[in-house]
Every structure is written in C-alpha cells, then in structure tokens.
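Remarks on the overall topology
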Amino acid sequence: MDKSILTLDKGTRCTAWNYSGQRLAAGLLDGSLLIYDSTDPASSTFISTSRFKVQESSILKVVWVPPEYGDAVACISADGTLSLWEEVNEDTEGHHWKLCKCFDRNTSQVLDIQFGDAQTCLKLVAAYSDGQIKVYELLDTLELEKWQLQAEFQNVIDLVSNFGNASCLSASVSWNPQRSELQQSSFVLGFSSNVPALNSPKVWEFDLDHQRWLPVAELSLPEDKTDQVSAVAWAPNIGRPYELIAVATQKGISIWRLGSNPDADGRLSAQKLATLSGHDSEVWEMDWDMSGTTLATTGSDGVVRLWQSNLNGVWHEQAVLAPAS
Amino acid sequence: MPGVTSDTGELNSLSVVPHTLDTQNPRVYPLRLHRVTRPLVGLSISWARGNTLRVSLLQTDDAASEQSPGGEVVEVKLGSADAGEIPEAQWRRIAYGSVAPFALLQSRKNSMDALHYEKDWWEHVMEYSKEINSLLGNTKSSVTPTIEDPKTVLKKVEEPTSLKAAWELMEMFYADKQSQTWIPERLLDWLADFDCLFSGTQPTVHAKLVAFQNELVTIQAVENHPEYWEIMSSALAVGWLDVVVKLLRLHGSYLFDQLGSREIENGLVEAVALLISEMPRLRPDMPPEKIGECYSTKPEFMKAWEKWRAKITKLDCSAFWLQCDHQQTRVGLKNMLQVMLGNASVLSNVTYHWIELYISHFLYVRPFTVGLESMYNLAQKCMHLKPISYRHKLMGLIIGILEENTEVVLAECSRSFGPWMVTHAIELMAAGSTQAETLLHEEQSKIGGICIEELHRLTYAQILSSHALTWNIAPIYLTSCMKQGLGLLENLLYKQPVQHHQVLLKSIEICRLNGLDYVSYNMMKIAGVHYWKHGKKGSAVFWLQQARDEVRLNRIAKHLFDFVGKSVSDESFKQWEGMIELLGTESKTAGGLEFLKKYRDFRRSLQQVQGGVTTDAARKAAEALISLMRNPSTPQQFWLPLLYDSLKLLNWQERPLLNVSQTNLLLNKLQELSLARLLPGFVDAGLPSEALQSVRLALATNLGRAILDE
C-alpha cells in the first residue's frame, strides 16, 4: 500500500526523518532548511512548521541529533561547512530554531557525519575531503554548543602512514546502532577518493585502555581494497550473535558478517556473505529496517531495491519499487 | 527502465518474509507518483516503525512549472495485508481480537505439565482456533435453502473471506483431532461454505446455482428446462442434498392439476428424493437443515452404504421408467442415479473444478477413503481430470496440506494470507504434526539462530508496529519470541514519539510489564530533554527525575544556581520557587537539588528576619546558614552570596548569633574561597567588590563578640 504523505518545497535537495518518524527536515538548494511535522502520533499528514536559512550554499545532507539531546539537526552545506541547529523555546522568542554550533572549517570540506554513543557521551564522527576523520565529543549534556575534538585520524589500517594530499569526493559513516553501555562504541567508514588506501571501509572501535580509536576490521577482499565506497550501513542487531554491515562500491552491494570476538591482535573476523548487483551504477543510500533483516537501497537507476536473506542464508533481491510516471 | 524486466505486482501483495522457496526474480512494484513527475533528481529512503518505508522523491528544478512542488514523500507499507479482501478497520478488529486467544495459548504452553502435553493439548488448541475463527466472520453455509420461500434455494449471506476458508482448512487438518475420521465430510461442508470464493475466477456449482435461482422466478415448468436437471446433478455431486431435494419438489408433477396423468413420473421423482434423503453419511452428526443418515462408526456406515447402493441399483433397473412419459425427467433422474452410483464420467461432467470433483469422488466413488496419503492421491487424480486453469490461493493451500509439505503450507499461508495468518496458524500446525513442529522450532543458524515460528512472529509484530493504532499489541507477540523479541521490542520503543504524553505512558507500561527498565528510563530522559528545551521546565525535571538521570539533573541544578544565586532581593528567585519545590520531592537523586531546597528555606527565614526583628527568627536563620555552609553539596559559587546576604545576621545587635566554632567554620570557607579564586573554572558570584571585605569584617566582629560571650 503506498500513499503520498507529504509535499516537498521546490528546490529540496535532501531529507531526513527524526527518530520517531514524526518530523522531517528538508535541505534546500538555496541553503534553507524546512521542518515538517505531523500533528498527532496517529496521523500521517505533515505540514511545514519552520523554515530558516542555514547557509548561502545548497544543503547536501541533514542528520538529526539523537533525541536524548533535544530536537536538533546537523547540516552539511555544499561549501563543506557543518552547522548544528536546535529547536528551543526561550521565554522571549517562543519556539524557534537557533544556531548552536558552526564547526571550524579550514581547507577541507565535511563529506559525511553521523552521531553515535548517545547513551553515554554523544559523539560526532565527521569525514573530511582531505581523508581525515574527526571525532567530536559533546561536553555538556544539555547544551549543544560545546564540543571538543576527541580524536583525528585517517581511514587507514596502518596507523603510521599518512597521506598528505588526499582528495575525497564522498564518504559514508555508519555507527554500530547498539545501545548497550557495556559494548564499546564503534563505527564503519569508507571513502571515495584518489588514495586507494583510504577507500576501503574500516570498522573503528574505541579502545578505552589507551583512549584511542583502533581499526578492528577492514570490509574488503584483497582484490577490492582500492574500490571507491559510496555507502555503508550497519544493521540493527536484535539478537544475532554477529553483526551485519552493507557496503556499496561500484562493483555492487556486499553484505559483511562481522564476528563479535576479537582475536589476539584485537581484530574482528569479517566475512563477505554476498555480492549483490542491481543498481547499474552508483548506490546513493542504504537503510536497514528496524529488525536488521531487510536492506533498502537507492541508486542512480532511480528505483528502490529491497534485499533479504532467505532461510538458507542466500541473499537476494526481494523487490523493486519503481516510481511510475 | 534498465534492469527492470520481470513481472510487476500489486504493492499490497509485497511481502518481506524470508522463505526457503524464494527462487523467482524480484517483482517490480510501481510507486505511484501523486504530485511530481519524472525525471527525478534524487530518491531518499528511510524506514519508519515496522514495515513502513518512506521514499522521498525529489524533482529536478527545471523539469516543471513554477507551481509544481519540489518533490513528495511516499509511504509504503510492505506486506501488511492480503490484497484488499478485508478492509483495514476489519483487519484491526481481527488483530486486536486475536491477541487474547494467542496470549492465553502461550501462557498455557508455558505452564504446561510435560506429561499432559500429548493428551489434552489439542483441546486448548481447538479452543484457540474456534475463537480466532469467530473473528473472521460468521459465515453460515451459503447453500442452505430457506423454508419460507419455495423458490429460494440459496440464502443470501455475507460473502465469506478466503482468510476464513483458509483458517478452517488449517483447523480441520491440524487441530481438530476429533474430526480426523470424517475429514471428507468436513471438506464437503467446507466447500458448501466457500465454493462461492472460487466463482470469481472459474465456473463453479455455486455460481450455476445462483444463476439458476435468479431465473427460477420466471420459469413456469422447471422440468422442461435442461438447466434444472443439470444443476440438480451438480448439487447432488458435491453433496448439497437439501438443495437437490428442494429443487426436486419443484417438479411439475407435484402440482394438484397433474394428478391422474403424471403419478408414475411423480413417484419416480419422489423415489429419487427419498433415496437422496436416506444417503448414509460417515459423520457423528449434522446440522438440522442438512439431510442424510449419520453413522459414526465405519462398519455401520459400510453396511448402510451397501444397502443404500443396492436400492439405487434396484431403482435404476426398475420397469417404471418405461412408463415415464416425460423425457427430460427420465433422463435427468437417471443421470442423478448415475451420480449416486459413482459413474466417474458423469461426475466429471457435472462438476466444474477439481475440488468439486474431489468431493464427489469422496461421496460416491471412494466413500471409505482415509489417511492423508490416499487423500493426496485422489486429489492428484482429480487435478489430472480437471486441470487447474486458475490456481486459486486456497487450492495451493489444500495441495500443500494434502502432500504434507510443511514448507509449502507455511509459504502459502504467508504469501497468500499474510503474516497474521501464518503467525496464528503456526499454533495449529505445531499441534497437529510432529514433522511440522520440528521444522517450526528448529533453530536456523542462517538467519541468526531463530526458529521459523519466531521469524513469523517477528514479521507480524513488525507489521503491527507500523501502525499507530496497532503498535501497542506488538509486544504480546514479541515477548513470545525467545531470542530476538526483546531486541525488536526495544527498537520499537525507541522509535515511539515520547513527547506525546499518551504514547509515553503506554510505552512505560509496556517496559514495566517486560522488565525493560533501562528502556523506559531512556524514553523518560528523551521526554525530559524535550520539555526542557521547549520551555516546560517543570515537566522536564519531573521526567528526568523519573529517568534517574543524575547527570542532567545536576546540570539543571547548576543552571538554576545561576538564577537564584544573585541576591535576596532578586525577584527572579520567586519564579524558581515552585520548581525548587518540585525538585525537593526526590532530592536524593541529585545533590545540587537538595541544596536548592535548603537554600529556599534559608531565603524564607532570612526574609522573615528582614521583615520583623525577633531574635528567635534570626537564630533560626543563622542555623540554616551554618547548615548550608556545612553541607558539601552547597556549590562554592554560593558561599560568598550566602554570607553577603546574611550580613544582618552576622552583625546582629542584641547578641552574636554564631558561636566561636561556627564563626571559625565560616572564616575557613572564606579562606578556601580566596584560594579558589586563583584556580581555573572559578565562578565569580558577581557581587560588589566591597562584599568580601564587609563579610570579612562582620565575621571578625562576630568572632570577637562570641569570644567575649563564652
């Protein structure tokens, strides 16, 4: 059953739903951000409730801050800046969106960001066009203004090498969606760049003893290590003894199984379960459903594809949703 | 479109349940565009709760006119129901109604004594099945004749659903142990109820009967019409004996004005009608309107059957036929006798699809058939004789059941009848067949170690989750899943819009029932932060306290300090008094808030001192001051303002209010404060520069006077 629930304004370039699917943020070509809200939880009609200017240049991506920190979004603009906006109600002005933080930008641009670790200390991973990964930490649980750079590193397994003049077109980050405070926080990140070593997706985990991020797995076969990565997505895990991560490169979508027990070197076993081809060229987005069993993808072929494993563990394309004219 | 070549389907039928039997190419489902036109510049996807996928379709700017929108968001609910047979509201009624029987059966299962398992478990399952069945509609047999109007052979009843038909099949073959010996008769009843479902796609006896009834009002002498005889043979073949007898009695020879000329003819008609009424049936009982002689044991039935057949043969060879002048009657009645004698080619001629033929074989060719294997063989024979032109979903299910292929039955249930059906029917299957039970409960390592039963429950729960009116019954099914149910429940709860009060309360209740305290704390935390940011500070503090979020409460306490710490005369303090009252109720959760309550009490007594001049009140205020300054939770930034506000107490005219040790304590605090001034992170209270000096002096004076006193 399909139905249209919302009409987007002219010039919309990207959209993002909040945690409960009750609000949509839409980034526009002219640098404005629009917020659409549903009036009550049972209704699925949405109306635009706020519109404000974020930047002069087009908004490329919007990401909601985890709800434990309020109603806030992070916006990446075409000029590579990253800013955080929050909805507040102050006595003098009523409901409004205010700029909380504009992250410093030097020469490199922000390509992708994701928030993680919402249960303990909110973190923000940002991937930059020079191949750097920066992890910021929120200092104050009630104020989104104060962030501290926790770590900065490159997406390489061999931590000593440094690629000075990398130029990256895109990047994709995905946090392990687990909420348990017992497990260390981790994320997967891949680049599409001119430096092959940066490209392959690596799983980074925070090492509490040494207070640093360590690469614990690399999700590519030896012959595919240089492939440019267009998207990564870490599946929710509701009780599997292993993790599932989807990786999209120009060769197709691959599903990886990540073991949970580290070996002597602290590495996790990674096994490629499937290579799926469907979108003829670039994959734009990937999203797992809340049980972590169905993967939805979109790509430059203009259709939505749904992927699933059957009972024999064979991954296959379940359905195609094609916009009809 | 490149890559999109395979067949297309209806979105309603799109299911996302994994099967072992999935081998076909992916089907293509068209997404209708309501407000935008192609080409599209972008597509964005996001899963909402459950099985809901939202697709943002972004349009190119130059594509359309000024008025056209920039895009739209289409919401797709995957595999939520079967193809529109049952309206949504009805579905929700079924979904809600099936919760209680399901939960009762689960709790019985959990508390079951292993010894009693085999003996009476099926009785519980039958009780469950009957309750579920009653939710699916109240279909009475649609081929029941009514007595009132002789020309009405069919009662108009509410159209039954294939869902109910499917459920009854499952019940008949898996759950109902009592009817195992007379399954052919049950199938006959089933077809009488549901033959109309096949009418949409192929000719059926039911459809012919309906058509004939419509004609009946205009027909004068029915016996002259070939359809009359055809329809009676057909109805007789599928065992609708009451209909046939009623139709026979419409025969013209019964009319009074025919006496004298058509007695023999009438006698023959009545003889056939009598034989039909006496037909032996292998079943314990029958509804009152049905006809035939019931025999519950096989030997008795066989004896009666032989006798009955002998009577038919005898009538068939009777000499009276030669005296029957009406040719149509003679041929028609003879044909009916052939049906009753089990003439295979006649049966094949008068039935329309294989299930009808199948029933006729049970009745007249192989009345003693027992066991699924022989039933399956017979079904195959009938399908061979009447090839399937359109494979109705119920046919797929019957074949799966008869060939005892659990996987096919599961796949048919879930594909054709949806996740509700498969989730609830699994209980019947598990009770009815050991082979099915093993398959349903075996852990599947390839799908993360859950069993098929759990997989289907999870899928069904996802569907319930996707609707705001049904999400709250999903937990019943999730908690019956041993391995991944709670994990999915957690994810579902985290996606609830907790700023809506009712949703939050319901979620907390669900957490409480399932021991998910940490999840409810997190939801209360989200609600608290939402209220805090949106200016509802009281609600914010309440929910953060419920969430036991000390970090944020302490942070809020610090925030309040900034407001209350300025001066006694400051009006802003009044605004915060109510909040402090609220904070005080569970002050243990955060030290900073405990301070605020004490501080409020101190401020009150200080105000009394400033109003009146009784030494008693002043003494109390001084005690409150000492208690505040002693308390380790009093923030350093408050020390000086507290003392500055208390200057009047320190300089009390009548007598010193503080003794030597108390004064020393305050002096020590003052010294600590001047050292802290040099450290980073020191918060200046923003008092006038002479404040420190005047406090220092007042304390010295008080100390001096105290020493003199002691």
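Everything numeric here is computed off the predicted structure, so don't read it as measured data. (Residues numbered from 1 in each chain as written. Chains lettered and ligands numbered in written order. Predicted model: local features only at pLDDT ≥ 70, side-chain atom pairs only at ≥ 80, totals over all residues. Heavy atoms only, no water.)

Structural notes on unusual backbone geometry
Residues and elements named next belong to chain B. Using the following cut-off: Runs of H or I in DSSP of at least four residues are treated as helices and runs of E of at least two as strands, each being numbered from the N terminus. With a 1.4 Å probe rolled over the protein chains alone, any residue whose accessible area is under 20% of its type maximum counts as buried; one over 50% counts as exposed, and the rest are partly exposed.
For Glu-404, which is not a glycine, the phi torsion comes out positive at approximately 55 degrees. Following the sequence through the fold, Glu-404 ends up in the loop between helix H14 (393–402) and helix H15 (406–432). The phi dihedral of Arg-548 falls on the positive side, at around 50 degrees, and the residue is not glycine. The residue Arg-548 is located in the loop between helix H22 (537–546) and helix H23 (550–564) in this model. The exposure class of Arg-548 is exposed, given its relative accessible area of 58%.

Comments concerning the interface of chain A and chain B
One widely used convention gives an interface's size as the accessible area the parts lose upon coming together. The criterion, for reference: Between two residues, a contact is recorded if the distance between any of their heavy atoms is within 4.5 Å. Two parts placed together each lose some accessible area; with a 1.4 Å probe, that loss summed over both constitutes the buried area. The term salt bridge refers to a side-chain nitrogen of Lys or Arg lying within 4 Å of a carboxyl oxygen of Asp or Glu. What qualifies as a polar contact is a pair of N or O atoms within 3.5 Å, subject to a donor-acceptor requirement within protein and to the restriction that residues adjacent in sequence count only when both atoms come from side chains.
Residue-level contacts link 84 residues of chain A with 94 residues of chain B. A combined buried area of about 8,100 Å² lies between chain A and chain B, and 55% of that area is made up of carbon and sulfur atoms. Interface area lost by chain A to chain B is led by Met-1, Met-290 and Leu-311 of chain A, which between them contribute 12%. Across the chain A-chain B interface, the total number found is 4 salt bridges. Between Asp-140 of chain A and Arg-555 of chain B there is a salt bridge, and its shortest N-O distance comes to 2.5 Å. Here chain A is connected to chain B by 35 residue pairs in polar contact (both at pLDDT 80 or more). Elements with a minimum of two residues in the side of chain A that touches chain B: strand E1 (2–8), strand E2 (12–17), strand E8 (82–90), strand E22 (283–288), strand E23 (294–299), strand E24 (304–309) and strand E25 (315–324) of chain A. Here the side of chain A that touches chain B gets 9 residues from one element, more than from any other, and that element is E25 of chain A.

Some words on the UniProt feature "repeat: WD" (unreviewed entry) in chain A
Applicable threshold: UniProt positions are given in the numbering used here, feature names are shortened, and annotations may be inferred rather than shown by experiment.
The positions that UniProt labels "repeat: WD" (unreviewed entry) are, in the present scheme, residues 276–308 of chain A. As annotated, residues 276–308 of chain A comprises 0% helix and 55% strand, and the C-alpha atoms at either end are separated by 11 Å.

Overview of the packing of aromatic side chains
Residue and element names in this part refer to chain B. Put simply, the rule reads: Any Phe, Tyr or Trp ring, taking Trp's six-membered ring, that has another such ring centre within 6.5 Å forms a pair; planes under 30 degrees apart are called stacked, those over 60 apart edge-to-face, and the others tilted.
The tally for this structure, following the rule as stated, stands at 27 aromatic pairs over all chains. Each ring, one from Trp-354 and one from Tyr-358, has its centre 5.7 Å from the other, and the planes form 55 degrees; the classification is tilted. Here Tyr-358 and Trp-354 lie together in helix H12 (residues 354–365), a separation of 4 residues that amounts to about one turn. The residues Trp-354 and Tyr-358 share a single accessibility class, namely buried. Measuring from ring centre to ring centre gives 5.0 Å for Phe-542 and Trp-543, while their planes differ by 75 degrees; the resulting arrangement is edge-to-face. Relative accessible area serves as the criterion here: at 35%, Phe-542 is assigned to the partly exposed category. Exposure remark for Trp-543: the relative accessible area of 7% places this residue in the buried category.

Section: the sheet that holds strand E16 (residues 202–207) of chain A
Strands pair in a sheet through their backbones, by hydrogen bonds, and they do so in one of two ways: parallel or antiparallel. Residue and element names in this part refer to chain A. Here is the rule: Any two strands between which DSSP finds at least two bridges are classified as paired. Axis definition: a line fitted to C-alpha atoms, over the contacting stretch in the case of helices. Angles run 0 to 180 degrees between N-to-C directions.
One open sheet holds the 4 strands; their spatial order is E14-E15-E16-E17, and the pairing between them is antiparallel. Of all the strands in the sheet, just strand E14 (168–175) and strand E17 (212–218) have a single pairing partner and so form its edges. Going across the sheet, the axis of each strand differs from the next one's by a mean of 30 degrees, ignoring polarity. Here strand E15 (residues 186–193) runs beside E16; their pairing, made up of 4 bridges, is antiparallel. Paired with Ser-186 across the bridge in E16 is Glu-205.

A few points about the packing of helix H17 (residues 452–465) of chain B against helix H19 (residues 485–494) of chain B
Residues and elements named next belong to chain B. We apply this condition: Throughout this description, any angle smaller than 35 degrees is read as roughly parallel, any larger than 145 degrees as roughly antiparallel, any in the 65 to 115 degree range as roughly perpendicular, and the remainder as oblique. Crossing chirality is assigned from the near helix's rotation relative to the far helix, an anticlockwise turn below a right angle marking it left-handed and a clockwise turn marking it right-handed. Lys, Arg, Asp and Glu make up the charged group, whereas Ala, Val, Leu, Ile, Met, Phe, Trp, Tyr, Cys and Pro make up the nonpolar group; the residues left over, Gly among them, are polar.
It is at 11 Å that the axes of H17 and H19 come closest, and there the two elements cross at 10 degrees. Relative to H19, the element H17 lies roughly parallel. Where H17 crosses over H19, the handedness of that crossing is right-handed. Residue-level contacts link Glu-454, Leu-458, Gln-462 and Ser-465 of H17 to Gly-485, Leu-488 and Leu-492 of H19. For the contact of H17 with H19, the residue count by class is 3 nonpolar, 3 polar and 1 charged.

Re the side chain of Glu-86 of chain A
As for its position among the elements, Glu-86 of chain A is in strand E8. A distance of 2.6 Å separates the side chain of Glu-86 of chain A from the side chain of Lys-533 of chain B, its partner in a polar contact. Leave out the neighbours within four places in its chain, and Glu-86 of chain A touches Tyr-69, Asp-71, Ala-72, His-96, Trp-97, Lys-98, Cys-100 and Leu-144 of chain A together with Lys-533 of chain B.

As for the packing of H15 of chain B against helix H16 (residues 434–441) of chain B
All names here are of chain B. For the pair H15 and H16, the least separation of the axes is 9 Å and the interaxial angle reads 115 degrees. Put simply, H15 runs roughly perpendicular to H16. As H15 packs across H16, the resulting crossing turns out to be left-handed. In contact with Thr-406, Glu-407, Leu-410, Ile-426, Met-429, Ala-430 and Gly-432 of H15, H16 contributes Thr-434, Gln-435, Ala-436, Glu-437, Leu-439, Leu-440 and His-441. Here the residues of the contact of H15 with H16 are counted per class, giving 7 nonpolar, 5 polar and 2 charged.

Section: helix H1 (residues 88–110) of chain B
All names here are of chain B. Short version of the rule: For a helix, the expected span equals 1.5 Å multiplied by the residue count minus one. Two axes enter the bend calculation: one fitted to the seven residues ending at the residue in question, the other to the seven starting there, and the bend is the angle between them.
Relative to the 33 Å expected for 23 residues at 1.5 Å per residue, H1 spans 33 Å between its end C-alpha atoms, a close match to the ideal helical length. At Val-99, H1 shows its maximal bend, which comes to roughly 30 degrees, and the proline Pro-101 appears one to four places after that position. For H1, the full list of buried residues reads Trp-91, Ile-94, Ala-95, Ser-98, Val-99, Pro-101, Phe-102, Leu-105 and Gln-106.

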